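Geometric and topological summary
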Amino acid sequence: SLQYDEQLYLMNAGTGIKSKLWLGFLLGGFILSILIYLLLKSYEIQVKNLNERNLMKGALIRSEKQYRELVEQSTNLITQVDKEGKFTYINSVSQKILGLSPEECIGKVAFDFVHPDDRNKTQKWFEDWQKTKQKYNSIENRQVNLHTGEIRYMLWSSTMQNDEDGGISGIDAIARDISDRIKAEQQLIESEKKVNTWLENSPTCTKILDLDFNLQ
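The sections below set out a description of the structure shown in this document. Numbering of residues begins from 1 in every chain and follows the order in which that chain's sequence is written. In keeping with the predicted nature of the model, local features appear solely for residues at pLDDT of at least 70, side-chain atom pairs appear and are counted solely at 80 or more, and the whole-chain, interface and lining totals rest on all residues. Only heavy atoms go into the side-chain values, all of them from the structure, while hydrogens and water stay out.

As for helix 4 (residues 116-132)
This is how the line gets drawn: The helix and strand labels rest on DSSP assignments: H or I over at least four residues marks a helix, E over at least two residues marks a strand, and numbering proceeds from the N terminus. To estimate how far a helix should extend, the number of its residues minus one is multiplied by 1.5 Å. Between buried and exposed lies partly exposed: a residue is buried under 20% and exposed over 50% of the maximum accessible area for its type, with that area taken using a 1.4 Å probe on protein chains only. This arc describes the spread of directions from the helix axis toward the C-beta atoms. By the convention used here, residues are in contact when the closest approach between their heavy atoms is within 4.5 Å.
If you check helix 4, its first and last C-alpha atoms are 25 Å apart, about what 17 residues at 1.5 Å a residue would give, namely 24 Å. Along helix 4, the residues classified as buried are Asp118, Thr122, Trp125, Phe126, Trp129 and Gln130. The buried residues of helix 4 all sit within an arc of 130° when viewed along its axis, so they share a single face. Helix 4 presents Asn120, Lys124 and Lys131 as exposed residues on the side facing more than 90 degrees away from its buried surface. As for helix 4, its buried residues are in contact with strand 3 (136-144), strand 4 (151-162) and strand 5 (168-177). Looking one or two places after helix 4, you find Lys133, whose phi comes out positive at around 60°.

Things to note about the packing of aromatic side chains
Going by this rule: Any Phe, Tyr or Trp ring, taking Trp's six-membered ring, that has another such ring centre within 6.5 Å forms a pair; planes under 30 degrees apart are called stacked, those over 60 apart edge-to-face, and the others tilted.
This structure, assessed with the given rule, holds three aromatic pairs. Ring centres 5.9 Å apart and planes at 55° place the aromatic pair Phe87 and Phe113 in the tilted group. Placement of the pair is Phe87 in strand 2 (residues 87-90) and Phe113 in the loop between helix 3 (102-105) and helix 4, with a sequence separation of 26 residues. Both residues of the pair, Phe87 and Phe113, count as buried. With a centroid separation of 5.4 Å and an interplanar angle of 75°, the aromatic rings of Phe111 and Phe126 are classed as edge-to-face. Placement of Phe111 in the loop between helix 3 and helix 4 and of Phe126 in helix 4 is noted, with a sequence separation of 15 residues between them.

Quick notes on the pattern of salt bridges
Defined as follows: The rule for a salt bridge is simple: a side-chain nitrogen of Lys or Arg has to be within 4 Å of a carboxyl oxygen of Asp or Glu.
Scanning the model with the defined rule gives seven salt bridges in all. Close ionic contact of Arg181 with Glu140 constitutes a salt bridge, the shortest N to O distance being 3.2 Å. Note that Arg181 is positioned in helix 5 (residues 179-201) and Glu140 in strand 3, a separation of 41 residues in sequence. Accessibility expressed as a relative area gives 38% for Arg181, which makes it partly exposed. Arg152 is paired through a salt bridge with Glu150; the nearest N and O atoms lie 3.3 Å apart. Beyond isolated ion pairs, a larger network of salt bridges with shared partners links Glu140, Arg181 and Glu185.

With respect to the nonpolar core
Selection rule: As used here, the term nonpolar core means buried Ala, Val, Leu, Ile, Met, Phe, Trp, Tyr and Cys residues forming a set that is joined through side-chain atoms within 4.5 Å.
Core analysis: the biggest nonpolar cluster contains 23 residues, and Leu77, Phe87, Leu98, Cys105 and Trp156 have the highest contact counts within it. Per element, the largest residue contribution to this core is four residues, and it comes from strand 5. Setting aside residues no more than four positions away along its own chain, Leu77 makes contact with Ile90, Asn91, Val93, Ser94, Ile97, Met154, Trp156, Ala173, Ile174 and Ala175.

Details of the side chain of Asn145
Selection criterion: Under the rule applied, a polar contact is a pair of N or O atoms within 3.5 Å (in protein, one hydrogen donor and one hydrogen acceptor; residues adjacent in sequence only if both atoms are side-chain atoms).
Secondary-structure assignment places Asn145 in the loop between strand 3 and strand 4. Look at Asn145 and you get buried, because its relative accessible area is 4%. Among the polar contacts listed, one links the side chain of Asn145 to the backbone nitrogen of His147, at a separation of 2.8 Å. Ignoring any residue separated from it by four or fewer positions in sequence, one finds Asn145 in contact with Gln95, Lys96, Ile97, Leu98, Gly99 and Glu150.

What to know about the environment of Asn145
Residues Asn145 and Ser94, 51 residues apart in the sequence, show an inter-C-alpha distance of 9.0 Å. At a separation of 3.0 Å, a polar atom in the side chain of Asn145 contacts the main-chain carbonyl oxygen of Lys96.

These figures come from the coordinates and say nothing about function on their own.
Okay, here's the thing in structure tokens:
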């Protein structure tokens, strides 16, 4: 009888241990499943973020490429200078206006291409603008082609760029060739001078009437 009770006790104890082992296995499997799920979810999120970053990077690269192509196709001179006035970027129009390729212009001081009679005025404009810290500004001056010596009148529209601390990091500019307009204006002034000179020296009495026949 005692031996039977001992056997029964051992059987019940064994059954309890097996139940606990199964419960432990089940619980461990459940926890492992959750961990695997979380790892897969984390991996999925990382892959998604990576794909989004790659898409954004690709879009940015395409946008920059399109911008560069647009800049290079422009007939205007497009430049970037640092706060010291040295070229950090310039498009291919530099060959026509300044006589140097874009690669040759990088690092050179922009004022070196300004006509000597306009250089002091341009430098003062640049320094005064830096002090005011206005975002936009413009100026007309003459640029000299260092290869041919040709002089061109340029109208500059400039934008100041600032760094994170609010300091000046550089200036972006677009310069339009207005030489034809300036020459036309000069020719008109010369023509008016010649007409006035002729009228003043004419031996005959000359009267100028407007469209309403009023004396001028």
